[in-house]
Amino acid sequence: RMNVESFNLDHTKVKAPYVRLACVTDGDHGDKIYKYDLRVCQPNQDHMEMPALHSLEHLMAELSRNHSDKVIDISPMGCQTGFYVALLNLPEYNDALDLIEKTLKDVVVATEVPACNEVQCGWAASHSLEGAQKIAQYLLDKRSEWTEIFA
Ligand code: HCS
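Residues numbered from 1 in each chain as written. Predicted model: local features only at pLDDT ≥ 70, side-chain atom pairs only at ≥ 80, totals over all residues. Heavy atoms only, no water.

As for its position among the elements, Arg20 is in strand 1 (residues 18-26). Arg20 sits in the buried class, given a relative accessible area of 8%. Setting aside residues no more than four positions away along its own chain, Arg20 makes contact with Glu5, Leu9, Lys35, Tyr36, Asp37 and Ile149. (Helix = DSSP H or I, 4+ residues; strand = E, 2+ residues; numbered from the N terminus. Buried < 20%, exposed > 50% of the residue type's maximum accessible area, 1.4 Å probe, protein only. Contact = heavy atoms within 4.5 Å.)

This is the structure we're talking about:
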């Protein structure tokens, strides 16, 4: 087995979109980090375009933290098919789903992408609010399928 959890996932067997608990990391003092695989696109069939993916990252990074102080990070996968969502001490899968749903509902009504400027971002030219909102709406439309991970 490989040490990276995702390298042990058979990407041909999953059925996007879904939300999957990828791993739990225990801290020395009883804290736990729950890392979720928020898969948007079917691996090796589809991917998000960079500007939309990037804006969705900014929007989820900002808006998720309005709902929870447990968000460590929401970051895109390099394959551009999904995001990792790392949460501190939030053990319930349904709480993670609720947080993602609330966040995406805020994304679809947002009027601007947070921090898309050269001071606050490393590639400020690569953004698309409209693209991010299309992905968010797609995920919300498929909300009933998030818990089904394998075909
Ligand atoms: N993914 C980061 C934001 C980077 S712009 C976060 O904190 O969620």
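After that view of the structure, there is still more to cover.
Taking strand neighbours across the sheet as the criterion, the 4 strands line up as 1-2-4-3 in an open arrangement whose pairing is antiparallel. Each edge of the open sheet carries a strand with a single partner, namely strand 1 and strand 3 (71-76). Each adjacent strand pair in this sheet contributes to an overall mean axis angle of 15°, direction not counted. When strand 2 (residues 32-39) meets strand 4 (residues 82-88), the two strands line up antiparallel, connected through 7 bridges. Paired with Asp37 across the two strands is Tyr84, which belongs to strand 4. (Pairing = 2+ DSSP bridges. Axes fitted to C-alpha atoms, helices over the stretch in contact; angles between N-to-C directions.)

Turning next to the pattern of salt bridges. Evaluation of the coordinates by the stated rule reveals 9 salt bridges. Here Arg20 makes a salt bridge to Glu5, at a shortest N to O gap of 2.7 Å. A residue pair is termed long-range when its members are at least 10 positions apart, and Arg20 in strand 1 and Glu5 in the segment before strand 1 qualify at 15 residues. Its salt-bridge partner being Glu130, residue Lys134 comes within 3.7 Å of it at the nearest N-O pair. Of this pair, Lys134 and Glu130 are both found in helix 3 (residues 129-141), 4 residues apart, which corresponds to roughly one turn of the helix. (Salt bridge = Lys/Arg side-chain N within 4 Å of Asp/Glu carboxyl O.)

These figures capture arrangement, not role.
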